[in-house]
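Tertiary structure, described
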Amino acid sequence: QLVESGGALVQPGDSLRLSCATSGRFLSGYSMGWFRQAPGKSREFVAAMTWSGRNQNYADFAKGRFTISRDITKSAVYLQMARLRPEDTAIYYCAARFGDDLFGEYDYWGQGTQVTVSS
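Worth saying up front: this structure is predicted, and the values here are computed from it rather than measured. (Residues numbered from 1 in each chain as written. Predicted model: local features only at pLDDT ≥ 70, side-chain atom pairs only at ≥ 80, totals over all residues. Heavy atoms only, no water.)

1. Here's the deal with the packing of aromatic side chains
For the structure shown, the criterion picks out eight aromatic pairs. Over the face of the ring belonging to Tyr78 we find Arg17, whose NZ or CZ atom lies 4.1 Å from the ring centre. The ring of Phe61 has Arg36 lying over it, and the distance from NZ or CZ to the ring centre is 3.7 Å. (Phe/Tyr/Trp six-rings, centres within 6.5 Å; stacked < 30°, edge-to-face > 60°. Lys NZ or Arg CZ within 6 Å of the ring centre and 35° of its normal.)

2. Quick notes on the state of the cysteines
A full pass over the atoms with the stated rule returns one disulfide. Two residues share a disulfide in this structure: Cys20 and Cys94, whose sulfurs sit 2.1 Å from each other. Between Cys20 and Cys94, the disulfide has an S-S torsion of -80° and is therefore left-handed. One end of the pair, Cys20, is in strand S3 (residues 16–22); the other, Cys94, is in strand S9 (residues 90–98), with 74 residues separating them in the sequence. For Cys20, a relative accessible area of 0% translates into the label buried. (Disulfide = S-S within 2.5 Å. Helix = DSSP H or I, 4+ residues; strand = E, 2+ residues; numbered from the N terminus. Buried < 20%, exposed > 50% of the residue type's maximum accessible area, 1.4 Å probe, protein only.)

Here you go:
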């Protein structure tokens, strides 16, 4: 089970941290990812990491602004977002898949959390 939280209405330039609480099932051996879907658009990859933390990857729009991390003790994954732009407005989803392939098919998904960036 994956449960996202932290979505909010923020202004351009603000920062926001999204959280993804896992049931503890998605620990060693899993890759964790963040995706987003804006109105009228397809879902797109944002960032992902192996649970070990050794490998990470970001979409071009996320590089330098977003950071994915995890807290093993809390079985949680985070997406720290900075310098938010109106085009970052979307529903953000947490996802998990078994294995170290960050770009494979993700099998487990949360319900999403809404991020709106507007002045």
